[in-house]
Every structure is written in C-alpha cells, then in structure tokens.
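# Analysis of the macromolecular model
Chain by chain, the residues run as shown.
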Amino acid sequence: MELRHLRYFSAVADTLHFGRAARRVHVSQPTLSQQIRQLEEELGTPLFERARAGVRLTQAGEMFRTYASRALEDVNAGVSAVGALRGLTTGALRVGYPPSMRGIVVPALAAVLRKHRGLALSAEEVVVRRLERRLADGKLDVGLGYAPARLADLDAEPVFDSRLTLVVARGHALAGAESVGVKQLVEEPFALLSRGLRVRARVDAYFAAMRLAPRVALESNAVGTVLAIVRAGLAVTVLPEPRLGDAERLVVKRLSPAPRSELAALLWRKGAVRTPAAELFAAEVRARAKEDAG
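For every chain, the first residue of its written sequence is number 1, and the numbers climb from 1 along that sequence. Whole-chain, interface and lining totals are the exception, using all residues; otherwise, since this is a predicted model, local features are given only for residues with pLDDT of at least 70 and side-chain atom pairs are given and counted only at 80 or more. Hydrogens are left out, water is left out, and the side-chain values use all remaining heavy atoms of the structure.

## Here we look at the sheet that holds strand β4 (residues 120-125)
Note on pairing: two strands pair once DSSP finds at least 2 bridges between them. The helix and strand labels rest on DSSP assignments: H or I over at least four residues marks a helix, E over at least two residues marks a strand, and numbering proceeds from the N terminus. Reading across the sheet, the five strands line up as β4-β3-β5-β13-β6 and stay open at both edges, with mixed pairing between neighbours. The sheet is open, and its two borders are formed by β4 and β6 (154-162), each paired with just one other strand. Shown here is a sheet whose adjacent strand axes are inclined to one another by a mean of 25 degrees, direction ignored. Relative to strand β13 (residues 262-269), strand β5 (residues 142-147) runs antiparallel, the two sharing five bridges. Along β13, the bridge assignment pairs Ala147 with Leu263. Contacts: residue pairs with any heavy atoms within 4.5 Å of one another. To get an axis, fit a line to the C-alpha atoms, keeping to the stretch in contact for a helix; angles then go from 0 to 180 degrees between the N-to-C directions. Together, β3 (92-97), β4, β5 and β6 form the strand contacts of helix α5 (residues 102-115), whose direction differs from that of β3 by roughly 170 degrees. Sheet strands in contact with helix α6 (residues 128-136) are β3, β4, β5, β6 and β13, and its direction is about 25 degrees off that of β13.

As structure tokens, this is what we get:
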C-alpha cells in the first residue's frame, strides 16, 4: 500500500464520483479506478459499491476512511513540520473568518506574508457555522470566530471583546457626538449585513431590545459593500468595532445603551497539530487585539 492509494481513496470517498475524484488528484479515470481496485485487492474487500445511480462507501470503506484520513493528516503535519525547519519558506496556511472580522484578519495575514513570502495563503470569508464545520473537518488550519465554539471538537481561545458600534460617514451629523443614543437613529437609513450572518442576528437582537425597527436601505453579505454605502453618506451601519484605519471618511461611535459584547476567539481543532504558519497568524491576531485594547 502506498501513499497515493490513500489519496486516491480519499478523493473518491469525498466526491463519491470517480470522474471528479480523478480530476481532483490529476490522473485519468482508468488509472484511478485501477489504483482503487489494487487497494481493494490488498485489503481483501470492496471499499465502494458501484452502480448506475452512483458510488457509495461500503461498511469496510466507511471504516477505512477514518484511518486513511488520519494517516493523510499525519503526513501533512509532517510536511508542515519540515517546512518549519526550513524557516517557513514554503508551506501553506488556511484561515477562515466571518465577514465582520476582515478588519483584523487581513492585516494579520499581510504581516505573515511579509515575513514569509514563500507561504501559500488561503483565506475563506464564511459564516461562523460553516467556518466551524470546515475547521472540524480539517479543511482549515485556524479560524477566527466566537467563544464558546458550537462544535465540541473545537477549542476556542478568546482574544478580544467584540462590541457592536455605529459607523457613519465623516460628514454625518452624528460624527461629532461622543456617543449615539438609539432614539437618534429612528430616522436613519441603515446598511446592514445580510440575515443569516451571526453579526446581523446580534444587531437585530439589540434593536429588538431597544424597540427600534430600523429602516434598512441595503443588505449585503460583504462588509466592503456595506461600508461603501456608509462612506457615500447614504446610510449608517452597526458592526463589531471595525478596524477602519485604512477606510477614509468613516467614523466609529459608541452606542448608548451599549450592546452586549461577545468574545471573539481563535478556533482550533482539538488534538490537531498546530502548524507554525497557523501559530504565526495567531500571534499576529493576538498582537493586534492587544493593540486595540490598549
């Protein structure tokens, strides 16, 4: 049994389709099928049920998948460790984060890349629920979400308080106020993140508690779009303490009464090897959180 057998098997197990699996591992479908048959012969049992309706894992295949995934994870961890010995000149870093945390994640990633130009970075901006699933499945090395994590197989390391704040254009009438009361927002149009995002649920809960029905002029799942509308003076928004040092004509104001804060946290898969690149990213996030707190 060779490493390629495990990789080919895992590709078919993930896609349940020999054609898609062959494209994923960059071999022809006949070659992939032959390698899977060799693996099944060595194990002495079929791993897949093949039918016109599709491909399914057999009971033996389900059992073998657990061990094959574990073996591939160990190999990948070994590759990462060797990369660390070479000064992080090569390797990869896979990070996931919700849209509202882009302001702290992007500068941290930029700092990592400046120090180690050879790293291949992958950044996924996704909802927290999907972020946690991908992290638990080993598809991400580290995530930035909230504590406590919803999934039991994740560890959460709190790094800063996530507080909702009001964001307005620099020339807005509320830009000079020390803090903004809810009654001052009754007539304001809002640009908000889309429903289904965790931040939007927090914003809606705050407005409901304050008995305010905001006039929503725009909804978007992209923070950049929301801020562009605010910057143009067409609406105001509520976001968790966005870092806006590079965004001109925007002002962040405290809300009164203050919304309840949540703990933003670095998320890790329990028991998984923390790659040097992921640890470096985490250190950058901690440093920026400490800087903001100061």
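There is more to say, and it comes next.
## As for unusual backbone geometry
Cis geometry marks the peptide bond from Ala147 to Pro148; its omega dihedral reads 0 degrees. Its location among the elements puts Pro148 in the loop between β5 and β6. For the bond from Ser256 to Pro257, the omega torsion is 0 degrees, close enough to zero to count as cis. By secondary structure assignment, the location of Pro257 is in the loop between β12 (250-256) and β13. With a phi angle near 65 degrees, His26 is a residue other than glycine that sits in the positive phi range. Relative to the assigned elements, His26 resides in the loop between α2 (18-25) and α3 (29-43). With a phi angle near 55 degrees, Arg211 is a residue other than glycine that sits in the positive phi range. Within the element layout of this structure, Arg211 appears in the loop between α7 (198-209) and β10 (215-220). Judged by its relative accessible area of 80%, Arg211 falls in the exposed class. Buried residues are those whose accessible area, probed at 1.4 Å on protein chains only, stays under 20% of the maximum for their type, while exposed residues exceed 50% and partly exposed ones sit between those limits.

## Let's talk about the UniProt feature "domain: HTH lysR-type" (unreviewed entry) in the chain
UniProt positions are given in the numbering used here, feature names are shortened, and annotations may be inferred rather than shown by experiment. The sites that UniProt annotates as "domain: HTH lysR-type" (unreviewed entry) are residues 1-58. The span residues 1-58 is 62% helical and 14% strand by assignment, and the distance between its end C-alpha atoms comes to 19 Å.

## What about α2?
For an α-helix the count is 3.6 residues per turn, leaving residues at separations of three or four pointing the same way. Restricting attention to buried positions, one finds in α2 the residues Phe18, Gly19, Ala21 and Ala22. The arc that holds the buried residues of α2, viewed along the axis, is 165 degrees, so those residues lie on one side. Residues of α2 that are buried in the fold lie against α1 (3-15), α3, β1 (48-51) and β2 (54-57). At the exit of α2 stands His26, carrying a positive phi of roughly 65 degrees. The arc in question is formed by the directions pointing from the helix axis toward the C-beta atoms.

## Side note on the packing of α2 against α3
Taken N-terminus to C-terminus, the directions of α2 and α3 make an angle of 100 degrees; their axes are 9 Å apart at the nearest point. The orientation of α2 with respect to α3, classified from their angle, is roughly perpendicular. Between α2 and α3, the residues in contact are Phe18, Gly19, Ala21, Ala22 and Val25 and Gln29, Leu32, Ser33 and Ile36, respectively. Three classes are used: nonpolar for Ala, Val, Leu, Ile, Met, Phe, Trp, Tyr, Cys and Pro, charged for Asp, Glu, Lys and Arg, and polar for all others, with Gly counted as polar. Grouping the amino acids of the contact of α2 with α3 by side-chain chemistry returns six nonpolar, three polar and no charged. In these notes the angle categories are as follows: under 35 degrees is roughly parallel, over 145 is roughly antiparallel, 65 to 115 is roughly perpendicular, and the rest is oblique.

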